Amino acid sequence: GAVVSQHPSWVICKSGTSVKIECRSLDFQATTMFWYRQFPKQSLMLMATSNEGSKATYEQGVEKDKFLINHASLTLSTLTVTSAHPEDSSFYICSAARTGAGNTQYFGPGTRLTVL
Amino acid sequence: QKEVEQNSGPLSVPEGAIASLNCTYSNSAFQYFMWYRQYSRKGPELLMYTYSSGNKEDGRFTAQLNKASQYVSLLIRDSQPSDSATYLCAIQGGYGGSQGNLIFGKGTKLSVKP
């Protein structure tokens, strides 16, 4: 159990376009989902915390108008990178929190975004 | 001082040996401690979590938590080449509005040589 999927796994887009990434918890309900970004040889950096039915909470330095998060259901959260630029190229990973001891987070496989 | 620190490695061990990965943290208020394994270009996979000082075993993996000294380690017995990956220490706060957020170390790259 505790499987999280992401789609797409890999996307290339032109500068100025928008890209939507989906994160789904397949076999459990997740009230809270998290979005991370990971640059090469760096650790995961939390971008935002998404709670079902409410607005996302963004970490300092993350532009909420650029990274739109929608947590429409207990199994789906989406991240839209608007007007993407080459510096947005990164590995985007979501996680879904399963309630219980420590609110354990289970991670998706990640989405590699390349902006040309 | 960073909140969570790990030696980035690479740590190289021969097949069958014990690999020891260490992580220190700065805030004594942290409550939950996780070890994740991340293969290249993949999402992290939860290996173990612990919240009380002492050892916790799961198969070939042992998590050791010492809250007094503020470190947590992961031991991998009988290391296999398939264990070669980056191991991320993650700590979860239990304070204020960030409860539930994970703070990651930079990860230690482990290489198990056949």
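Preceding this paragraph is the structure being described.
Residues numbered from 1 in each chain as written. Chains lettered and ligands numbered in written order. Predicted model: local features only at pLDDT ≥ 70, side-chain atom pairs only at ≥ 80, totals over all residues. Heavy atoms only, no water.

**Student:** Give me the lowdown on the environment of Ala30(A), citing residues and values where you can.
**Tutor:** Residues and elements named next belong to chain A. Structurally, Ala30 can be placed in the loop between β3 (19–25) and β4 (32–38). For the pair Ala30 and Tyr106, spaced 76 residues apart in sequence, the C-alpha to C-alpha distance is 10.0 Å. Sequence-distant contacts of Ala30, that is, excluding residues within four places in its chain, are made with Ser25, His71, Leu74, Ala96 and Ala97. (Helix = DSSP H or I, 4+ residues; strand = E, 2+ residues; numbered from the N terminus. Contact = heavy atoms within 4.5 Å.)

**Student:** Could you give an account of unusual backbone geometry, with specific residues and numbers?
**Tutor:** Cis geometry marks the peptide bond from His7(A) to Pro8(A); its omega dihedral reads -5°. Take Pro8(A): it is sitting in the loop between β1 (4–7) and β2 (10–13). In this structure, Pro10(B) follows Gly9(B) across a cis peptide bond, with omega equal to 10°. Backbone geometry at Lys41(A) places phi at a positive 60°, although glycine is not the residue there. With respect to the helices and strands, Lys41(A) occurs in the loop between β4 and β5 (45–51). The backbone phi angle of Asp78(B) is positive, close to 50°, even though this residue is not glycine. Position of Asp78(B) relative to the elements: it lies in the loop between β8 (71–76) and β9 (85–92).

**Student:** Go over the pairing of strand β6 (residues 54–58) of chain B with me, naming the residues and quoting the values.
**Tutor:** All names here are of chain B. Examined bridge by bridge, β6 and strand β7 (residues 61–66) share five bridges and lie antiparallel to one another. For Lys56, the partnering residue across the bridge sits in β7 and is Ala63. In this structure, the hairpin formed by β6 and β7 is closed by a connection of two residues, where Gly59 is found at a positive phi of approximately 65°. (Pairing = 2+ DSSP bridges.)

**Student:** Residue-level account of the sheet that holds strand β8 (residues 76–81) of chain A, with values.
**Tutor:** All names here are of chain A. Pairing is antiparallel in the open sheet, where four strands are placed in the order β1-β3-β8-β7. The open sheet has two free edges, formed respectively by β1 and β7 (67–73), since each of these has just one partner strand. Across the sheet, the mean angle from the axis of one strand to that of its neighbour is 15°, orientation sign disregarded. As judged from the five bridges shared by β7 and β8, these two strands associate in the antiparallel manner. What sits directly across from Leu68, in β8, is Thr80. (Axes fitted to C-alpha atoms, helices over the stretch in contact; angles between N-to-C directions.)

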